[in-house]
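Secondary and tertiary structure notes
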Amino acid sequence: MPTAPAAVLYESAQPMVIEEVEVLPPQAGEVMVRMKAAGVCHSDLHVMKGDLPMPVPIILGHEGAGVVEEVGPGVTSVAPGDHVVPIWRASCGRCDFCLKGRPALCDMGTAMRFTGLMPDGNTRFRSAGGRSIRHYAGVSTFSSLSTMPEAAVVRIDPAFPLWKAALISCGVITGVGAVTHAAKVPPGSSVAVFGCGGIGLNIIQGARMVSAGPVIAVDAHPGKEAHARRMGAAHFINAAECDAVQAVKDLTGGRGVDYAFEAIGQPRAIEQAYDSLKKGGTCVVSGICRADARAAINVNQLVYAEKTLRGTLYGSTRPRIDVVNLMRLHESGALQLDELLTRTWRLEQINEAYEALERGEVARSLIVWE
Ligand SMILES: [Zn+2]
Ligand SMILES: [Zn+2]
């Protein structure tokens, strides 16, 4: 039985434990991936803190990139040695959501996310003591080796650096997609982005790519200003020091913005994003809040100001197509990736990496394997 070092969460609000786990070989329609890079993303932090309940023990991590180690019977789209990016919402390809181009809403991915199990109802991870360990989002990229459904991997060009592919797999596709696929922002639109973490910076980047303007970044950490400006923000509002809604209006002739994005997962920020819209404006929520969170909005503005409030998962993209498209956009110079990565960590440093994320010290960081 193959074994591999992994970060296991045994209990929420406790550090993850780095230990050698057994990784069961791929069954029919499954692949085993040797991870080369994994993203330190905010979504996992919600599970660590217990804001989003998940069965434990579990191996978290939903962004990454790696190399196929072994394939199970019937696998045709990848072979050992192929470079792949895991998709954290695998999709069946046959249901109405999949056929309508909304694979992130497919029940297959939703079920794996909430049960922490493979589609057959079992797990492929075991602790040294024989205890079953759950998967996260079907991919568990915080394990050096991870078995996942074939539907959860997309093959990529082996010449494309794996660490860059890992950045694309969550933060980039979710943020850029929120602009291009969810909001479909036209050139020249005014945009405000509430939250300048891994997703927010890529929303700013998406707004730059579609020639929106002005692009206004809002964050309570002044250290985010330089990152936000580098991605394309013309203005930065420190939400800890002023009324952010008023500040957005001051920058847009008192009218507000055409598009406001929430990328931090806080009800207060959703309210502010909605309040900072111009008449006819659209607010898009991409941040993950606590499971029981509620926001208070003025519902009459939906009517009298014709505001729109919507959410987006995975940037409302089609990951199998859009991961590859984003790689091409990077190669053409349109998409910045090198500027996003603030530092790398080893798997053993994962708890430290999340502490740095919580303190707002990093734009995007990756766990990397040699
Ligand atoms: Zn489906
Ligand atoms: Zn993520």
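Structure's up top.
This write-up is about the structure you can find in this document. The structure displayed is predicted, hence computed values, not measured ones.

1. Focus on the overall build of the protein
The secondary structure content of the protein amounts to 11 helices and 18 strands. Expected size for 370 residues packed as a compact globule is a radius of gyration near 21 Å; at 20 Å, the protein falls within 12% of this value. For the protein, with 370 residues in total, the buried portion stands at 56%. Entry remark: accessible area of the protein is about 14700 Å², with carbon and sulfur atoms responsible for 51%. Computed over 35 positive and 37 negative side-chain charges, the inter-centroid distance for the protein is 5 Å.

2. Comments concerning the coordination of the zinc ion (ligand 2)
The coordination sphere of the zinc ion (ligand 2) contains the protein donors Cys-41 (SG), His-62 (NE2) and Cys-170 (SG), at a distance range of 2.0 to 2.2 Å. Read from N- to C-terminus, the donor residues coordinating the zinc ion (ligand 2) fall into the pattern C-x20-H-x107-C. Of the two residues, His-62 sits in the loop between β4 (58–59) and β5 (65–71) while Cys-170 sits in helix α4 (residues 162–183), which places them 108 residues apart along the sequence. With a relative accessible area of 3%, Cys-170 lands in the buried category.

3. Brief notes about the coordination of the zinc ion (ligand 1)
Around the zinc ion (ligand 1), the donor atoms from the protein are Cys-92 (SG), Cys-95 (SG), Cys-98 (SG) and Cys-106 (SG), and they sit 2.3 to 2.4 Å away. All donors of the zinc ion (ligand 1) belong to a single chain; written as a sequence motif, their spacing is C-x2-C-x2-C-x7-C. Its relative accessible area of 13% is what places Cys-98 among the buried residues.

4. Some thoughts on the sheet that holds strand β11 (residues 191–194)
Spatially, β13-β12-β11-β14-β15-β16 is the arrangement adopted by the 6 strands of the open sheet, whose pairing is parallel. Sheet topology places β13 (235–238) and β16 (308–311) at the edges, where each strand pairs with a single neighbour. Here the average twist between neighbouring strands, direction ignored, is 20 degrees. The pairing of strand β15 (residues 277–285) with β16 spans 4 bridges and is classified as parallel. Following the sheet pairing, Cys-283 is matched in β16 by Leu-309. Contacting β14 (257–262), β15 and β16, α4 runs over the sheet at an angle of about 125 degrees to β14. Those strands touched by helix α5 (residues 198–209) are β11, β12 (215–219) and β14, and its axis lies near 170 degrees from that of β11.

5. Remarks on the sheet that holds strand β1 (residues 3–8)
Spatially, β1-β2-β7-β8-β4 is the arrangement adopted by the 5 strands of the open sheet, whose pairing is mixed. Each of the sheet's edge strands pairs with one partner strand only, and the pair in question is β1 and β4. The sheet contact formed by strand β7 (residues 125–126) and strand β8 (residues 132–135) spans 2 bridges and is antiparallel. The partner of Arg-126 across the bridge, within β8, is Ser-132.

Criteria and cut-off values
Numbering of residues begins from 1 in every chain and follows the order in which that chain's sequence is written. Labels are handed out in written order, letters beginning with A for the chains and numbers beginning with 1 for the ligands. Residues qualify for local features only when their pLDDT is at least 70, as the model is predicted, and side-chain atom pairs are given and counted only at 80 or more; totals for whole chains, interfaces and linings, by contrast, use all residues. For side-chain calculations, the full set of non-hydrogen atoms in the structure is used, while hydrogens and water are omitted. Where helices and strands are cited, they refer to DSSP runs of H or I of at least four residues and of E of at least two residues respectively, numbered from the N terminus. Based on C-alpha atoms, the radius of gyration is set beside the globule rule, defined as 2.2 Å times the residue count to the power 0.38. Only protein chains enter the accessibility calculation, which uses a 1.4 Å probe; a residue whose area is less than 20% of its type maximum is buried, one above 50% is exposed, and one in between is partly exposed. Areas reported as accessible are Shrake-Rupley estimates using a 1.4 Å probe. Residue values count occlusion only from the protein chains shown. Here the positive residues are Lys and Arg and the negative ones are Asp and Glu; neither His nor the chain ends is included. In this description, the location of a charge corresponds to atom NZ of lysine, CZ of arginine, CG of aspartate or CD of glutamate. Think of the donor list as every N, O and S atom within 2.8 Å of the metal, or within 3.2 Å for Na, K and Ca; water never makes the list, so a site can look incomplete. Two strands are counted as paired when DSSP detects at least two bridges linking them. For helices, the fitted line uses only the C-alpha atoms of the stretch in contact; every axis is such a line through C-alpha atoms, and the angle between N-to-C directions lies from 0 to 180 degrees. Any pair of residues with heavy atoms lying within 4.5 Å of one another is described as a contacting pair.

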